[in-house]
Protein chains: 2
Amino acid sequence: MQRRESHYFNNKSEQNFSSESLLNTSKKPPFNNWQELYNWGRCHCRQRTFQKDQIIPTRPGLLYIVNKGAVRLMGLASFNEENKLTEDEPIEEIFLGILGTNKPFEIVEHSYSIIRVEAHIEQTSVIWVYWHELVDSLSIYIKVLELFRRQHQIQLVWMSILGQKRTIDRLMGFFMLLATEEGERTENGYALPYILTHAQIASAIGTTRVNVTRLMGQLRQQGMIEVDNNNRIYWKTNT
Amino acid sequence: MQRRESHYFNNKSEQNFSSESLLNTSKKPPFNNWQELYNWGRCHCRQRTFQKDQIIPTRPGLLYIVNKGAVRLMGLASFNEENKLTEDEPIEEIFLGILGTNKPFEIVEHSYSIIRVEAHIEQTSVIWVYWHELVDSLSIYIKVLELFRRQHQIQLVWMSILGQKRTIDRLMGFFMLLATEEGERTENGYALPYILTHAQIASAIGTTRVNVTRLMGQLRQQGMIEVDNNNRIYWKTNT
């Protein structure tokens, strides 16, 4: 959609010079690119930096954009008191994914699901805006929606991987998806974009940490993955 | 985003009367609403009607919209020959969700995931367009993206439900999500929007058909669900 986007982007630029738009600038700033949005966020106390593993406070109705580092989405399904069958087990925490720089996210209210956002790496920075503040920034609004569309596509693949019965298939699918979608191609195969603990991987694919350690050992022996000294995982494509 | 959408919609309408737009109409028709898109699809052999459970042929790069009935997305994770550890087990089929009238879907190419679309009910009709054919239909394009954004939000909740270790929690989460998102509120609780077989529910929540039948019996005994003579499931909210 490159063509149409720039088409509307151009229309938008013209519009910005109209008297009406200029008068409204202070209320609803038109952002033409990420940088303008980030600069505005910085000047309007809409940016905050987080330490690794720190919880990022979120509210429904706001749009968040990672402008440095990466965030981790964690799901906590919690049933209503009435619908809860037993309460003797701890609530599961589910790793839902990682979003890197320039990726948008938002939290929707749902009675039985809480999504928690955490900084995945040191010095992760997040900017937030109200959706209506993008009213004059069509190109950014479309860009954000297109990124959500992309996340939706990846999620469908992700869900079909999660549905696999065998843990080893879910583990391989998880590595392949991360490697090919977000990884960096190196001589050593695809480097996974982020360092993940075995516990995080286990929570993502619905198994135990011990199982992940064991199965990763198996994949290493078979030459399908490699792990370097910094715990970075490489997915070997040609073995 | 009601306000901004109509704002751009109005801009768009004005644009349609410009000479340039009129000249281009035959090539890139501007659609101002679903009905115009559906009418165009009908006149340009871009609509097809399917029988229940019939496979809907899809290609990457196209946008599909359900204009009657409902479609079911099924995932088939299939690993490359090289990455496949054993081949003695059948490939899993995973129920990824149902999309009703006016819902868009698209299929992305991914080496290790195949998504298959099937008509969920009799006389399901689907319209398709190339993405670039929406170049002059900004309001429809944004509408489609906003629907994908909504699907993305639901998927996050859905994934946090799928991550639950106990099958009964996944089953309850599945019913609750379907009931509250798409269901119809009745005196009898929320009616689930579609008839689902126990096998489909099992595939959605990663368990066996036998288990679903057993657990549904349990939920019925506890008064949490009801099933009528047409196999429609009701989620009881006040029990």
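Below is a short write-up of the structure. (Residues numbered from 1 in each chain as written. Chains lettered and ligands numbered in written order. Predicted model: local features only at pLDDT ≥ 70, side-chain atom pairs only at ≥ 80, totals over all residues. Heavy atoms only, no water.)

**Description of the nonpolar core**
Right, so step 1: In terms of nonpolar packing, the biggest core is built from 102 residues, with Phe174(A), Phe175(A), Trp235(A), Phe174(B), Phe175(B) and Trp235(B) touching the most fellow members.
Right, so step 2: Counting residues in hydrophobic clusters, the runner-up holds 38 residues, among them Val129(A), Trp34(B), Ile65(B) and Leu138(B). (Core = buried A, V, L, I, M, F, W, Y, C linked by side-chain atoms within 4.5 Å. Buried < 20%, exposed > 50% of the residue type's maximum accessible area, 1.4 Å probe, protein only.)

**Describing the sheet that holds strand β6 (residues 104-105) of chain B**
Residue and element names in this part refer to chain B.
Right, so step 1: Pairing is antiparallel in the open sheet, where four strands are placed in the order β1-β8-β3-β6. Strands at the two margins of the open sheet, each flanked by one partner only, are β1 (47-50) and β6.
Right, so step 2: Pairing of strand β3 (residues 62-68) with β6, which is carried by two bridges, proceeds in the antiparallel orientation. Directly across from Tyr-64, in β6, lies its bridge partner Phe-105. (Pairing = 2+ DSSP bridges. Helix = DSSP H or I, 4+ residues; strand = E, 2+ residues; numbered from the N terminus.)

**Structural notes on the pattern of salt bridges**
Close approach of charged atoms allows side chains of opposite charge to pair.
Right, so step 1: Going through the model one piece at a time under the given rule, you end up with 22 salt bridges over all chains.
Right, so step 2: In this structure, Glu133(A) and Arg46(A) form a salt bridge, with 2.8 Å as the shortest nitrogen-oxygen distance. Linking Glu133(A) in the loop between β8 (124-130) and α4 (138-162) with Arg46(A) in the loop between α3 (34-43) and β1 (47-50), this pair joins segments that are 87 residues apart in sequence. Taken as a pair, Glu133(A) and Arg46(A) share a single burial class, namely buried.
Right, so step 3: Here Arg72(B) makes a salt bridge to Glu118(B), at a shortest N to O gap of 2.6 Å. Residue Arg72(B) is found in strand β4 (residues 71-77), and its partner Glu118(B) is found in strand β7 (residues 113-119); the two are separated by 46 residues along the sequence.
Right, so step 4: Using a relative accessible area of 4% as the deciding quantity, one classes Arg72(B) as buried.
Right, so step 5: The exposure class of Glu118(B) is buried, given its relative accessible area of 7%.
Right, so step 6: Each of Lys52(A), Asp53(A), Arg72(A), Glu93(A), Arg116(A) and Glu118(A) takes part in one network of salt bridges that share partners. (Salt bridge = Lys/Arg side-chain N within 4 Å of Asp/Glu carboxyl O.)

**Some words on the environment of Ser203(B)**
Residues and elements named next belong to chain B.
Right, so step 1: As for its placement among the helices and strands, Ser-203 is situated in helix α6 (residues 198-205).
Right, so step 2: Overall, Ser-203 belongs to the buried group, its relative accessible area being 19%.
Right, so step 3: Expressed as a C-alpha distance, the spacing of Ser-203 and His-152, which sit 51 residues apart in the sequence, is 20 Å.

**Concerning the pairing of strand β7 (residues 113-119) of chain A**
Residues and elements named next belong to chain A.
Right, so step 1: For β7, the buried fraction is high: five of the seven residues fall into the buried class.
Right, so step 2: Here strand β2 (residues 55-56) pairs with β7 via two bridges, running antiparallel. Each residue of the ladder has a partner; that of Ile-55, found in β7, is Glu-118.

**Description of the sheet that holds strand β12 (residues 233-235) of chain A**
All names here are of chain A.
Right, so step 1: Strand order in the open sheet formed by four strands is β9-β10-β12-β11, with antiparallel pairing between adjacent strands. The open sheet has two edge strands with one neighbour each: β9 (184-186) and β11 (225-227). Within the sheet, the average angular offset between the axes of one strand and its neighbour, ignoring direction, is 30°.
Right, so step 2: Pairing geometry for β9 and strand β10 (residues 189-191), over three bridges, is antiparallel. Counted as the bridge partner of Arg-185 is Tyr-190 from β10.
Right, so step 3: The strands touched by helix α5 (residues 167-182) within the sheet are β9, β10, β11 and β12, with β12 carrying the most contacts at an inclination of about 90°. (Axes fitted to C-alpha atoms, helices over the stretch in contact; angles between N-to-C directions. Contact = heavy atoms within 4.5 Å.)

Just geometry here; none of it tells us what the structure is for.
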